[in-house]
Structure formats: C-alpha cells, structure tokens
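Given next are the chains, with one letter for each unit.
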Amino acid sequence: DISPFDTYLVNGNITIFCGIHTDTFKSDILNSSLYAELVATQRRGDREALWTTYTEIVSKFKWIINSRETQSTAFDNSSLLKLLIQSAGPALPQAEQHIVANAFSRIKKLERGSLAIHTIIDKLNSSGSATAGATHTLLNIVRQDKTVLTLQLSFKTPKVIDIDILDKPLLKSGNDEKPNIRLLRSSLNELQYNEVRETVINKLGDKITTDL
C-alpha cells in the first residue's frame, strides 16, 4: 500500500511532500524555498555560503528552525536515495523513507528525454565545482506532520551525470574535509506566513511558473 505523495522540482532540486497537504501549504513551502534557492544561487559562493543564505532566507519567511546538524561522512558506492536516508537518520521515519523511495522510483520511470530529468541533471551539473565530478544538491522532504527536512548533500559523481545516481551506487565522498551533509529540521509558521505570502509571490513573479 503506497502512501500518497507529491514530488516537485524547485529550481532543479527535488521536494517531496509525504502524505496529504493543502494546496496553500504546499504553495507556501514551494514558493518560499524557491525564492531562497534563487537568491542563494545568484549570490554564488561555495556550498557553505549557499546553505547559509538559503537557511537565512527561509527563516525570514517564517520557517521555524528546530535543529541543524552538519556531518562529514566518508562513503563510497552510495546512491542519492541511500545517502539521503542515512543522512536524515531518525528524523525520517521508516514509512516516509518508503515514500521517498517511491518518489525517486517514479522519477526514474520518466522518459530519459523528459524535461524533469533534464532539469535535475542540469542542476547537478551547474552546481559542480572546478574539482572533477564534485557537486551538491538540496532536497526538501515535507513529512506527514508538516516537519520540513532540508538536506544539502555533497558528493563526487561519475564523469557523466545520469539519472541513475538516484538509486544506483555511483556516488563517493569528496576529499575536501568540509562537511558534506547538512540537515535542517524546521516547520512553517503558517499564521505568520500569511503576512509575507504576497511579498514572496510578488518577488518571484513569473519564476513560479518557470522554475517550479
């Protein structure tokens, strides 16, 4: 029995809503995270700077930060799915681990030439550094209880990035000694978000239709 879920691409990053949520709640999470992601990418900088900007902006947009952690983990022959589940640890209960696995499986079943797959691959390629094959991705998992888990995962990929990295053991940890896993647990203060919703929508303009 597969629990319901919705998968979105936010500027090329995967966001998964586990369970059933209202359209308003989903839009609020998607729009505020898209704005934070666009500003972070415009400012450029390394993955640490991107993460700092992203988390600062979602905080301003009424995401209540409950906890944050960083890890520096060595891994070899991992997939993005395995890395995500290990990195989230106890914050992602088993039922929701299954939902994430189903969501990844659904993405893998899309046509190879589909816009969604191109968007994911392009994002990973554009997030790469000068170091051969090193890149990072940002993922949001919205749990059934509305807790938001935001993960920034950094890894080395094969020379040519393919959608197989979602569930095939192709990823290795880099050698730069910096944290390669960042995890934020937060929740949206929906009442307070009412005050900033229009601002976020206006700031995004047509990005809501082109980048979501």
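Up top is the structure these notes are about.
Calculation criteria
- Residues numbered from 1 in each chain as written.
- Predicted model: local features only at pLDDT ≥ 70, side-chain atom pairs only at ≥ 80, totals over all residues.
- Heavy atoms only, no water.
- Axes fitted to C-alpha atoms, helices over the stretch in contact; angles between N-to-C directions.
- Helix = DSSP H or I, 4+ residues; strand = E, 2+ residues; numbered from the N terminus.
- Left-handed = near helix turned anticlockwise from the far one by under 90°.
- Contact = heavy atoms within 4.5 Å.
- Buried < 20%, exposed > 50% of the residue type's maximum accessible area, 1.4 Å probe, protein only.
- Phe/Tyr/Trp six-rings, centres within 6.5 Å; stacked < 30°, edge-to-face > 60°.

## Observations regarding the packing of helix 1 (residues 23-43) against helix 2 (residues 47-60)
Packed helices, taken two at a time, are described by their axes: the angle between them and the distance between them.
Step number 1: Contact geometry for helix 1 and helix 2: axes closest at 8 Å, N-to-C directions at 145°. Here the hand of the crossing between helix 1 and helix 2 comes out right-handed. Two secondary-structure elements touch here, helix 1 through Ser32, Ser33, Tyr35, Ala36, Glu37, Val39, Ala40, Thr41 and Arg43 and helix 2 through Leu50, Thr53, Tyr54, Ile57 and Val58.

## Let's talk about the side chain of asparagine 180
Step number 1: Along the chain, asparagine 180 turns up in the loop between strand 5 (148-156) and strand 6 (181-188).
Step number 2: On the accessibility criterion, asparagine 180 (6% relative accessible area) is buried.
Step number 3: Residues in contact with asparagine 180, not counting those within four places in the same chain, are Arg47, Gln71, Ser72, Thr73, Phe75, Gln152, Leu153, Ser154 and Ser173.

## Structural notes on the packing of aromatic side chains
Step number 1: Counted by the stated rule, this structure contains three aromatic pairs.
Step number 2: When the centroid spacing of 6.5 Å and the interplanar angle of 75° are considered together, the rings of phenylalanine 17 and phenylalanine 25 count as edge-to-face.
Step number 3: A relative accessible area of 0% means that phenylalanine 17 is categorised as buried.
Step number 4: By relative accessible area, which is 1% here, phenylalanine 25 ends up buried.
Step number 5: Seen from their ring centres, tyrosine 35 and phenylalanine 61 are 5.5 Å apart, and the 55° between their planes marks the pair as tilted. One end of the pair, tyrosine 35, is in helix 1; the other, phenylalanine 61, is in the loop between helix 2 and strand 3 (63-71), and 26 residues separate them in sequence. A single burial state applies to tyrosine 35 and to phenylalanine 61, both of which are buried.
Step number 6: Three or more aromatic residues joined by ring pairs make a cluster, and in this case those are Tyr8, Phe17 and Phe25.

Just distances and angles here, no functional claims.
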